[in-house]
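Spelled out, the chains give:
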Amino acid sequence: MGTVKGDRKAIGKKWMASLLEKGEYEKAAQEGREFVDGKDEWEAWVWAFVERGQLKVIIPFVPTTEPKLEATVYEMILASFLKSSPAKLLETIKEWPGDIYSTSSVLLAVQDRIDRTDRTVPEYDILLSCALELLLHSEQYAKAIPYFLKLRKLEVFEFIKQHQLWDQMKENDGIKELVLFERSVKGESGEEEAMRLFVEHTNEIPIDRVVQQLASERKDLFKYLDGVFEKDPHLAFAYADLQVELYTEFGSNKLMHFLRSNSYYSLEKAYNVCQKYDLIPEVIFLLGRMGNNKKALMIIIERLADVDRAIEFAKEQNDAELWQDLLKYSETRPTFIKKLLETVGGEIDPILLIRRIQNGLEIPGLKASLIKILQDFTLQMSLLEGCKSVLSNDSRQLQLKLHSGQTNGFHCHAETLCKNCSTSLFAPPEDACLPGLGIVFLCRHAFHARCVFPHDHASTDAKETTVPNLAERQIDRMKGGGTGSTNLSLKLAATLKSQYVDIACPYCLKGGATGAGVGVG
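What you are looking at is a predicted structure, and each value in this text was computed from that prediction instead of being measured. (Residues numbered from 1 in each chain as written. Predicted model: local features only at pLDDT ≥ 70, side-chain atom pairs only at ≥ 80, totals over all residues. Heavy atoms only, no water.)

1. Here's the deal with the overall build of the chain
On a plain count of helices and strands, the chain comes out with 29 helices and three strands. A buried classification covers 36% of the 521 residues belonging to the chain. The contacts in the chain between residues at least 6 apart in sequence include a share of 53% that link residues at least 24 apart. Total accessible area on the chain is roughly 30,600 Å²; 51% of this is exposed by carbon and sulfur atoms. (Helix = DSSP H or I, 4+ residues; strand = E, 2+ residues; numbered from the N terminus. Buried < 20%, exposed > 50% of the residue type's maximum accessible area, 1.4 Å probe, protein only. Contact = heavy atoms within 4.5 Å. Areas by Shrake-Rupley, 256 points an atom, 1.4 Å probe, with all protein chains shown as cover.)

Now the structure itself:
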């Protein structure tokens, strides 16, 4: 069986050779796949076509795996495409694995062809694409960026993020090139992916490096710094003065927000820049920050003639002298007086304003403004009376609640301890069988009476009404089972309140507080 197969293969090879001799190259290439086997036989079969100048015929049938031929064979085929059909070369590079030939050798040949090709011919871009694919095959991602830009491929932004090619951006004006590339492709109104890329990756691409490379492209620098400011107002603090200039040139509508939200810029420099570009609202704001409120008010009045703005500015500054300046300036201006009368409140005394009106000065709508002032005053008085009534009622209710809480008894139980001796409040003394007198202050701290009040050294006449003696009589009465113990307890409580009302809680006194007032238990 093996002999038959070998004979068939030998006959097939002879037939293929005869086809080559006859010049039937296409048929030989197509049929030869059945009889050519192994790496060496395939290489010999390819070289047979090369020798006859028919490489292009055998190329579609050359295997790239099983078997894998020498790299020179594949490089020879690619070189052939480079010379005859760059489009076919690009197609083949995309189809073939990158490890069957030397990408560096092929890339060198392609780059040499690019240097010798006119940029205006169609095959120039095809050759650039071939070089780009070869660089991607060999994972030379950094070197691929210029080819992305030359081919005007917007995928370069995602490519840079995917492969973390930040160092290439920081070197050789890579940031500036990327910005100019995007503008050339999209125009001025296109979505700015480059700026978003730089703003989102300030850790990888330092702000200082971006500012340095975009120094000559001031509008792009404005867009970048504005994006950084929106991300975090503190990131680009070192360029606050530069941002003021850029906002005045390219984004004056955003300047006021920047001035209000940022405190890193020089007030004097910002004032000079805004004055140069005649940005009156910003000049007024900066004068207010610099403390020159009077000059700011004069600019509002003289340049803007805006009484509403003047009033709002005076309210913001909360400066009594500023209100006096505004009143003084308004004395001879009916429009200002009328507006002030309509907007008077806590800042302006209406009587003071009315007294400043000069005799004979005609003020349109004065009567209506005065009526409104009186109506507002009446309404204000009514509101004050109502608030006073509500406050008085609430105070009374809270006072009653406080009094009720302080006069009610306190709940004590067997586990309540004396804060002085740390024994149960209801434990009897060593020389007694019944509990002694317990005292609870308003701060809820409990004590034995014997721990708080010392033995009374009062005179014999007052002895019957001292706390210890009353307590002893109460205990004796309870031992004897006599009546009247309730009355005696009440008398004892009254004596405590009358004689010891100013005594504070000893425990609270140690901590600096005052737990005044007592209750009897």
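2. Some points on helix α17 (residues 252-261)
All of the buried residues in α17 are L255, M256, F258 and L259. Buried residues of α17 fall within an arc of 165° about the axis and therefore sit on the same side. Those residues of α17 that are buried are in contact with α15 (218-231), α16 (240-250), α18 (267-276) and α19 (280-290). (Arc of directions from axis to C-beta.)

3. A look at the packing of helix α12 (residues 174-186) against helix α13 (residues 193-200)
One can describe the packing of α12 onto α13 by two numbers: an axis separation of 8 Å at closest approach and a directional angle of 150°. Of the possible angle classes, the one that applies to α12 and α13 is roughly antiparallel. Counting all contacts with α12, which are made through I175, L178, V179, E182 and K186, the residues of α13 involved are E193, A194, M195, L197 and F198. (Axes fitted to C-alpha atoms, helices over the stretch in contact; angles between N-to-C directions. Parallel < 35°, antiparallel > 145°, perpendicular 65-115°, else oblique.)

4. Overview of the pattern of salt bridges
Tallied over the full model, the rule gives 17 salt bridges. In this structure, the salt-bridge partner of D112 is R116, at a minimum N-O distance of 3.1 Å. Taking the relative accessible area as the measure of exposure, R116 reaches 59% and is therefore exposed. If you follow the salt bridges from partner to partner, you end up with K39, E43 and E70 in one network. (Salt bridge = Lys/Arg side-chain N within 4 Å of Asp/Glu carboxyl O.)

5. Here's the deal with the confidence of the model for the chain
Chain-level statistics for the chain give a pLDDT mean of 80 and a share of 80% at 70 or above. In this model, residues 456-465 is a region of pLDDT below 50 whose contacts with residues beyond four sequence positions or in other chains number 11 contacts. Ignoring residues within four places in sequence, the model shows residues 482-486, a span with pLDDT below 50, making five contacts including any to other chains. (pLDDT = per-residue confidence, 0-100.)

6. Structural notes on the environment of K372
Relative to the helices and strands, K372 resides in helix α25 (residues 366-407). Residues K372 and L341, spaced 31 residues apart in sequence, show a C-alpha to C-alpha distance of 8.8 Å.

7. What to know about the packing of helix α20 (residues 293-304) against helix α22 (residues 320-330)
α22 packs onto α20 with a crossing angle of 30° between their chain directions and a minimal axis gap of 10 Å. Classed by the angle they form, the pair α20 and α22 counts as roughly parallel. For α20 against α22, the interelement crossing comes out right-handed. Facing N293, K294, L297, I301 and E302 of α20, the residues of α22 in contact are L322, D325, L326 and Y329. Considered class by class, the residues forming the contact of α20 with α22 number five nonpolar, one polar and three charged. (Left-handed = near helix turned anticlockwise from the far one by under 90°. Nonpolar A, V, L, I, M, F, W, Y, C, P; charged D, E, K, R; others polar.)

8. Points about helix α8 (residues 123-137)
In an α-helix, one turn spans 3.6 residues, which is why side chains three or four residues apart end up on the same side. Between its first and last C-alpha, α8 extends 21 Å over 15 residues, near the 21 Å set by a 1.5 Å rise per residue. Residues of α8 that are buried include every one of Y124, L127, L128, S129, C130, A131, L132, L134 and L135, and no others. Buried-residue contacts for α8 involve α5 (71-84), α6 (86-95), α7 (103-115) and α9 (141-150). E139 occupies a position one or two residues after α8 and carries a positive phi of about 60°. (Expected span 1.5 Å × (residues − 1).)

9. Considering the nonpolar core
Counting residues in hydrophobic clusters, the biggest one holds 113 residues, and the most contacted among them are L178 and Y224. Of the residues forming this core, the biggest block, eight residues, is contributed by α8. When neighbours within four sequence positions are excluded, Y224 is seen to be in contact with M195, F198, V199, T202, I205, I207, V210 and L214. With 10 residues, the next largest nonpolar core counts F441, V452, C505 and C508 among its residues. (Core = buried A, V, L, I, M, F, W, Y, C linked by side-chain atoms within 4.5 Å.)

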